[in-house]
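Commentary on secondary and tertiary structure
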Amino acid sequence: MVDLEKLGNSGAALDISTSESERAALAKRFGFLDLPAFSARVSVDRKPGGQIIVEGRLKGRIVQACILSLDPVTQELDDAFRLVFAENLTEDRDPESGEALLNAQGDAPEPLEGNMLDVGEIVAEQLSLTADPYPRRPGIKLEDVLPKPKGGARRSAPEQRRHPFAGLAALKDKPPRGR
């Protein structure tokens, strides 16, 4: 946690290294199989106009399940990030529903509430954003995990399926009863 009231003109630099229990908690939170290494270097600076700039680089290694085979897939992380927060910024809201509107600008500042900034949570969120959402073991294809067709490698002709309205078509050609 960084107290923004005590943040000097030179800002603050933080080295974040995680313990084994913290990495286990992060792995469980984000659904990773393992998080054997994770650290970050972050700087927090105050800019004119009440903006707070959070810049950093995270490094680590995550192990996730392959989306096709569920085998472990390791991803090396080395990613830079930059976030801008603004004091006294109100969210634009839809006049009818009252829901917060998203700003189309990629670098639009986030609203800053209070005088404490949770840098640890910011780094954890960046970890989840950096992780591959669809990890795949190299060289694996969908065909490798699909069930093999019965009867060997030859595919049989697709069996003729009866059309759901075939019975109605047969009735159409029949003469009406009792008339």
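Just above, that's the structure.
Just so it is clear, the model here is predicted, and its values are computed rather than measured. (Residues numbered from 1 in each chain as written. Predicted model: local features only at pLDDT ≥ 70, side-chain atom pairs only at ≥ 80, totals over all residues. Heavy atoms only, no water.)

**Brief notes about unusual backbone geometry**
Keep this limit in mind: Helix numbers and strand numbers start at the N terminus; a helix is a DSSP run of H or I with at least 4 residues, a strand a run of E with at least 2.
Positive phi values are uncommon outside glycine, yet Leu-70 reaches one of about 65°. Here Leu-70 shows up in the loop between strand S4 (51-65) and strand S5 (72-87).

**Description of a nonpolar patch on the surface**
For clarity, the threshold we go by: Exposure above 30% relative accessible area and the lack of any salt bridge qualify a residue for a patch; like charges then connect within 9 Å, and the nonpolar side chains Val, Leu, Ile, Met, Phe, Trp and Tyr within 5 Å. What sets the accessible areas is the Shrake-Rupley method with a 1.4 Å probe; for residues, cover comes only from the shown protein chains. For this document, the term salt bridge refers to a Lys or Arg side-chain nitrogen within 4 Å of an Asp or Glu carboxyl oxygen.
Together, Leu-142, Val-145 and Leu-146 make up an exposed nonpolar region whose accessible area comes to about 230 Å². You can see Val-145 is positioned in helix H3 (residues 142-145).

**A look at the packing of helix H1 (residues 20-30) against helix H2 (residues 119-130)**
We count it as follows: Orientation is described by axes fitted as lines to C-alpha atoms, over the contacting stretch for helices, and by angles from 0 to 180 degrees between their N-to-C directions. Each angle gets one of four labels, with under 35 degrees taken as roughly parallel, over 145 as roughly antiparallel, 65 to 115 as roughly perpendicular, and the rest as oblique. Left-handed is the label given to a crossing in which the near helix is rotated counterclockwise from the far helix by less than a right angle, and right-handed is the label when the rotation is clockwise. Contact between two residues is taken to exist if any of their heavy atoms lie within 4.5 Å; hydrogens are not considered. Any residue outside Ala, Val, Leu, Ile, Met, Phe, Trp, Tyr, Cys, Pro, Asp, Glu, Lys and Arg is labelled polar, Gly included; the first ten of those are nonpolar and the last four are charged.
Put simply, H1 and H2 touch, their axes get as near as 11 Å, and they point 50° apart. In terms of axis orientation, H1 runs oblique to H2. Judged by the sense of rotation from one axis to the other, the crossing of H1 with H2 is right-handed. In contact with Leu-26, Arg-29 and Phe-30 of H1, H2 contributes Glu-121, Ala-124, Leu-127 and Ser-128. For the contact of H1 with H2, the residue count by class is 4 nonpolar, 1 polar and 2 charged.

**Re the sheet that holds S5**
Note the following rule: Pairing between two strands requires that DSSP report at least two bridges joining them.
Read from one edge to the other, the open sheet built from 5 strands follows the order S2-S3-S4-S5-S6, with strand pairing classed as mixed. Because the sheet does not close on itself, it has two edges, and the strands there are strand S2 (12-17) and strand S6 (110-112). Averaged over all pairs of adjacent strands, the angle between strand axes in this sheet comes to 25°, irrespective of strand direction. Sheet analysis places strand S3 (residues 34-47) next to S4, joined by 12 bridges and oriented antiparallel. Along S4, the bridge assignment pairs Arg-46 with Ile-52. The strands touched by H1 are S2 and S3; relative to S3, the strand with the most contacts, the crossing angle is about 95°.

**Points about the environment of Gln-64**
How we decide: N or O atoms closer than or at 3.5 Å make up a polar contact, with two conditions inside protein: a donor-capable atom paired with an acceptor-capable one, and, for residues adjacent in sequence, both atoms drawn from side chains.
If you trace the backbone, Gln-64 turns up in strand S4. The spacing of Gln-64 and Ala-131 is 67 residues in sequence and 9.0 Å in space, taken between C-alpha atoms. Not counting residues within four places of it along the chain, the set of residues in contact with Gln-64 comprises Phe-32, Leu-33, Asp-71, Pro-72, Val-73, Gln-75, Ala-131, Asp-132 and Pro-135. Within the structure, Gln-64 has its side chain in polar contact with the backbone oxygen of Asp-132 (distance 3.3 Å).

**Here we look at H1**
Inclusion rule: Residue burial is assigned from relative accessible area. The probe radius is 1.4 Å, only protein chains are included, and a residue is buried under 20% of its type maximum, exposed over 50%, and partly exposed in between. Arc, as used here, means the arc of the directions from the helix axis to the C-beta atoms.
Burial in H1 covers these residues: Arg-23, Leu-26 and Ala-27. Looking down the long axis of H1, one finds its buried residues gathered within 100° of arc, a one-sided arrangement. Away from its buried face, by an angle of more than 90 degrees, H1 presents the exposed residues Ser-21 and Lys-28. Two residues or fewer past H1, Gly-31 is found with a positive phi of approximately 75°.

**Some words on the nonpolar core**
In globular proteins that are soluble, nonpolar side chains generally tend to be buried together. Definition in use: Side-chain atoms within 4.5 Å are what join buried Ala, Val, Leu, Ile, Met, Phe, Trp, Tyr and Cys residues into a set we call a nonpolar core.
Membership of the largest hydrophobic core comes to 26 residues, with the highest contact counts inside it found for Leu-4, Val-42, Val-44, Ile-52, Val-54, Leu-117 and Leu-127. At the level of elements, H1, S3, S4, S5 and H2 are the ones that each hand at least two residues to this core. Beyond its immediate stretch of four places on either side in the chain, Leu-127 contacts Leu-26, Phe-30, Phe-32, Leu-35, Phe-38, Leu-58, Ile-62 and Leu-77.

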